[in-house]
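Commentary on secondary and tertiary structure
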Amino acid sequence: MYAIVEIGGHQYKVAENDVLFVDKQNVDGEKLTFDKVLLIKDDNGNVNVGTPVVEGAEISATILDTVKADKVLVFKKKRRKGYQKLNGHRQVMSQIKIDSITASGASSKKAAKKEDAPAKKAEAKKEETTDLKSMTVAELKELAKERGLTGYSSLKKAELIDALK
């Protein structure tokens, strides 16, 4: 089982017992939980992609250490001017270990979608009538042609909408 999680604005592919370095985490204690899970793939091969996050999914981790990353050198120079400057920077990182990945709520979300299907069809019909009003005359004529209506070429917009309903 693995997951794609967003930690500190970066996306990481994590699995249980993985050790990785992330931007410094300011928390009390050593336990962390991340709820911005973007994707989960379980052992059965089922993939659950979030929109934008997977509902109810959570990743728990433990902070192992706080360290500094490798030094990044910033060198600035203007040629023929006698100007050059060298700066260095070491980013503070947290070393974390992924303890567990929980995907609770993924199955209940699918069940909720199945129950809402008839209600969504009724809403789609209502939206279709409002969408017809927002369409141009050319688009309405194209839709009438697709539905097999005849005599639509001389109709005005309001008449086209009534014919398509």
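A brief report on the enclosed structure follows. Predicted model, so just to flag it, every value in this text is computed and none were measured. (Residues numbered from 1 in each chain as written. Predicted model: local features only at pLDDT ≥ 70, side-chain atom pairs only at ≥ 80, totals over all residues. Heavy atoms only, no water.)

Here we take up the sheet that holds strand E7 (residues 58–68). One key point about sheets: their strands pair by backbone hydrogen bonds, in either a parallel or an antiparallel sense. Here four strands make up an open sheet; going across it, the order is E3-E10-E7-E4 and the pairing antiparallel. Looking at strand neighbours, the two that pair on one side only are strand E3 (19–23) and strand E4 (31–34), the edges of this open sheet. Averaged over all pairs of adjacent strands, the angle between strand axes in this sheet comes to 45 degrees, irrespective of strand direction. In the sheet, E4 pairs with E7 via four bridges, with the strands oriented antiparallel. (Pairing = 2+ DSSP bridges. Helix = DSSP H or I, 4+ residues; strand = E, 2+ residues; numbered from the N terminus. Axes fitted to C-alpha atoms, helices over the stretch in contact; angles between N-to-C directions.)

What the four strands build is an open sheet, ordered E2-E1-E5-E6; its pairing is antiparallel. In the strand order of this sheet, the two ends are held by strand E2 (10–15) and strand E6 (47–49), each with one partner. Direction aside, neighbouring strands of the sheet carry axes that sit 15 degrees apart on average. Pairing geometry for strand E5 (residues 37–41) and E6, over three bridges, is antiparallel. Following the sheet pairing, Leu 39 is matched in E6 by Val 49.

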